[in-house]
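Examination of the molecular architecture
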Amino acid sequence: MNELLQDFLRDTSDVFDSLDDQLARFALDPTDQRIAADLFRLIHSVKSAVGFFDFARLEALANAGEAMLASLSSDGGEIAGLASGFQEICGRIRQIVSYIAAFGAEPPGGDEELIALGDAARASAKAAAAHEAIAHMPGAAALRSPGGPPPLERRTQTQRVSTVTLDDILGLACELALLRSQLTAALEGSAGPAAATRHMQDLSRVAARLHDAALKARLQSFSRAAEPAGRLAQKLAPSLGKSTELTLEGGGLLVDRPLFDVVRKAVIIFTHNALTHGIEAPDERLSAGKPPAGQLRIAARSEGGDLVVDVSDDGCGFAEGAHFAAGISGAAQAGLPRAGLSLLLIRSEADACGGSLQIASRPGRGATLTLRLPEALSLTQAVAVRAGSETYLVPKHAVFQILSLAPESGASADTGGPLPILRHAGGALPMADLAGLLGAPPQPTPGADDRAALIIRAGALGYALAVSSVAGMQDIIARPLPKLPEFSRLFSGAALLSGGSPALVLNPAAIGAALGLGCGPASPVLPARNRAAAAPQPRVLVFRSCGGALAALPLSAVLRAERLRRSDIFTTGKDRLAVKLDGKLVPLLDSAGAPAQLAAADAGSWIALAVGSQRAACGLLVNAVHGVEELPAQNIAAAQSKEACGVFALGNESVRLLDLGGLLHNAALGRLDLEDDGANQVRVLLIDAEAITRDMLRLALEAAGCAVLAVDGLAAACGETAPGALCDIVVIDLALALADDAGWARLRGAQAGAAAAAIALCAFASSAARQQARSLRIAETAGKFDRPALIEAVRRQQARLKRQAAAA
Amino acid sequence: MIRLAQPELPPAAADAAADAAGMLFLGAGGRHFALPAAAILYVCALGEVTRLPGQPPEILGLANLRGRIGVVICLARLLGLEPAGAGQRHFLVALGGGCALAVATVGDARRIDPLERACAPAPQRPARPRVFAGWLDTALGLVEILDPAALCDFDTSGSAAA
């Protein structure tokens, strides 16, 4: 039995599992239009799937069932008879599906009587007689015969896992058992607590790897989700007299199990729509000046924590406003007014997952269907935060930085305007107070020093989220929210915390949209205060970038603007440009945050803005200064580029509001470049148990000019090759050092005497964390998400090492 | 005759009782209700509930229903009755579909004589047309039978079963 058929049987079985309850309720109350609509969608999805196979009986029955429900909604009909007839049809479909599962083909016989009786029920509603007659029909009897296949049992979801992955999991499970035995022996014997601690650390590491391996087993490649669509294109296009070239992009992207079925179904339906209604016949295409073969592109990408799937074609497109309610216009023209129903089905499934379905059409040139689903629906890491007395989870991939809001931290919240602003290092970001946004009850004992702001990056959005405190990071398995009376996009799901209580997982993009930064509708739970118009708006300096587009920065962040001569611009050893600010060289960037480039044609006409603060600054090369404007209160839309945190209109032009934090972050990396002479590269040993943290920080440190060796534990750092002895600076997860202080002492002993430096990593550099670090003789602490702070700490330690070396 | 148990009924006993076919009697908002026992997964003491922002007041929040995350509905609020205080909602009645009811008391579970089903279906109330499936004629008077499917059926326009 081929894979497509297996998928069909599994999906149909799932559909009927969900039909059971609806059918029972439909029988009790056939007047309920909502149940009828649900049933219609379900039977329509079966009908759509049947179209891929030569199952004539199933197709006829699905058509009959759909027609029955359609007549129920259109003319009211004889309701009881229709309900009964529909149930019989569903029962027959189920029996045939069971037969196909067992024998790979439809059973012999026909269903004309059933379909005719259904028609009769629609017409004159001889409900009771029809029901009785149906029960005694020969076709039904044959299907119920003792030799027939057993009915399909209720299925659990299944998926393929490679034997390599299974072997990995088994190997790790064995290793775990072995470590447990060693730990028990150490605790019962005389090896002492140091040995037990070491075994405990190993146990934790293997448990984490087992967890990762189990999670990876849930992942499937996108190419597998797109396979049925490829086969469909091969089969359907010739039968329609069309020629199609299919392109698949992002096939290697891994999709988690809860999303896989939605993605697979969506790709099939989108492809079916494109082949049936979008792509024209070769003659028609040639007359429209297009190549005879239609182009169909299926692409997947990961964007801002979302899985985004595009299916686009270069067909006829469709008229605006015809997407869901009335079906795609191309379908309507073809006499298929219900083509939009499949899209409705996908849209409702995407909605249920906290995602969205968007349609873009260029009449005569093609259409693109974009499915966006939050990846955080599965296993992920999250930052647990407190808002008032409640705990929420923020997906880790969306957290760019965590800042303390303690008075001495330098970050401050400006709540005077209609939208609170976080000011930090000369930059400003729109800010949401999570407790206020969600109406969380206040904390019993508020701790002002614990307040923090998470800098959130969600797609093109950037904003700050103020929280009462940061509780730390957790591995979570996020689940979709149960069905609720009020749907809220602010949450992408829920997960059980380590204590067993549920916590809501925030949807960073939806929160940004609720703040008015995105394109989505504001949530009803957003307090009116944030939407109200009010007094003075922040002012921005608008300028024309070197690319010609208008851009803006908060006026308060612009230190000065001056016209430069070539002699004012310095070129460093790595061909990076820099300008002098208060006697120091600072990197010169363009408005995209990249190192600036000088065009010879512009000689003598450069204008540089010095932006930032005295502590962190950079130069920004611009074409011309446009003027100072007031930032609009309401109409800031999401930017389409990473370097901007919003877009607003000025006259007939759009102005990108640049992300100052991003610019300064790039500048911080650039400053290290300026100082690095290439001959004295600092060697950093990075110790963290989490692969994602190691990768993230290694990239940042390498970009800052460090040579980085990343290992997953103290044992690896103190191993046979003893990399710890060769490094200048150790950057270690504080929890690892605390768990194995003996190992930490060994590593410190192996380093080059007292000269070696250390920096402790923690989720959030609180005063408690600093105290714990000091107890291990680690002078510096940095948050795992606060990459600029980590790089600053590395620079300080590097400078200290240089001073020590000079003194020696 | 029906005897309503006191709120102090231990959860374990309630669990066992709910296993019996028939009806489980509940108390909420100072009134008694019957719920088909077949629809009940288990009964336990009401534990920690995570608030769900933006939901109507009858939605108390999310709870850990033996490893699954489910919605907890305050039965009294759902029915427009005066709810007991937070400390007086003693029991969680877990239903299928990731849904559970918070109630003040859990009484007996017992098989119902068909003669006791006095007048089904129940009179339809405009605000909650589908929550009640019928009446039971008991020593305490008419007890409304709750429809478990309708209790957990939320539409997007408002409250459960509205």
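Everything discussed here concerns the structure shown above.
Now for a quick tour of the structure. (Residues numbered from 1 in each chain as written. Chains lettered and ligands numbered in written order. Predicted model: local features only at pLDDT ≥ 70, side-chain atom pairs only at ≥ 80, totals over all residues. Heavy atoms only, no water.)

**Quick notes on the pattern of salt bridges**
Summed over the entire model, instances satisfying the criterion amount to 16 salt bridges over all chains. One salt bridge connects Arg 301 of chain A with Asp 310 of chain A, and the closest N-O pair in it is separated by 2.7 Å. Judged by relative accessible area, which is 9%, Asp 310 of chain A ranks as buried. A salt bridge links Arg 51 of chain B to Glu 390 of chain A, with the shortest nitrogen-to-oxygen separation between them at 2.5 Å. Here the residue Arg 51 of chain B occupies a position in the loop between strand E3 (40-45) and strand E4 (59-65), and Glu 390 of chain A occupies one in strand E9 (residues 390-395), the pair thus bridging two chains. On the basis of relative accessible area, Arg 51 of chain B is assigned to the partly exposed category, the value being 27%. A single network of salt bridges, built from pairs that share partners, joins Glu 280, Arg 285, Lys 290 and Asp 314 of chain A. (Salt bridge = Lys/Arg side-chain N within 4 Å of Asp/Glu carboxyl O. Buried < 20%, exposed > 50% of the residue type's maximum accessible area, 1.4 Å probe, protein only. Helix = DSSP H or I, 4+ residues; strand = E, 2+ residues; numbered from the N terminus.)

**Observations concerning the interface of chain A and chain B**
Many analyses report the size of an interface as the accessible area lost when the parts associate. At the interface, 26 residues of chain A touch 25 residues of chain B. Summed over both partners, the interface of chain A with chain B buries about 2,200 Å², with 60% contributed by carbon and sulfur atoms. The largest share of the area that chain A buries against chain B comes from Pro 485, Glu 486 and Pro 502 of chain A, three residues that together contribute 28% of it. Counting across the chain A and chain B interface gives one salt bridge. (Contact = heavy atoms within 4.5 Å. Buried area = accessible area lost by both parts, 1.4 Å probe.)

**Considerations on the sheet that holds strand E7 (residues 99-103) of chain B**
All names here are of chain B. With respect to topology, five strands assemble into an open sheet ordered E3-E6-E7-E5-E4, the strand pairing being mixed. Each having just a single partner strand, E3 and E4 make up the two edges of the open sheet. Neighbouring strand axes in the sheet, compared pairwise and without regard to direction, differ in orientation by 30° on average. For E3 and strand E6 (residues 91-95), the ladder comprises five bridges, and the chain directions are antiparallel. Each residue of the ladder has a partner; that of Cys 44, found in E6, is Leu 92. (Pairing = 2+ DSSP bridges. Axes fitted to C-alpha atoms, helices over the stretch in contact; angles between N-to-C directions.)

**Some details on the nonpolar core**
Formed by 76 residues in total, the largest nonpolar core has its most connected members in Leu 454 of chain A together with Leu 26, Leu 75, Val 93, Leu 101, Leu 146 and Leu 151 of chain B. Residues contacting Leu 26 of chain B, with those up to four places away along its chain left out, are Arg 31, His 32, Phe 33, Leu 35, Leu 75, Val 93, Leu 101, Val 103, Thr 105, Val 106 and Leu 146 of chain B. The next biggest cluster of nonpolar side chains, apart from the first, holds 32 residues, and it includes Val 262, Ile 279, Leu 296 and Leu 371 of chain A. (Core = buried A, V, L, I, M, F, W, Y, C linked by side-chain atoms within 4.5 Å.)

**Notes on the side chain of Asp 111 of chain A**
Residues and elements named next belong to chain A. Position of Asp 111 relative to the elements: it lies in the loop between helix H4 (79-103) and helix H5 (112-124). Under the relative-accessibility criterion, Asp 111 is labelled buried at 3%. Only 2.7 Å separates the side chain of Asp 111 from the side chain of Arg 57, close enough to count as a polar contact. Within the local environment of Asp 111, its side chain forms a polar contact with the side chain of Arg 92, the two groups lying 2.5 Å apart. Not counting chain neighbours up to four residues away, the residues in contact with Asp 111 comprise Arg 57, Leu 61, Arg 92 and Ile 96. (Polar contact = N/O pair within 3.5 Å; in protein donor to acceptor, adjacent residues only side chain to side chain.)

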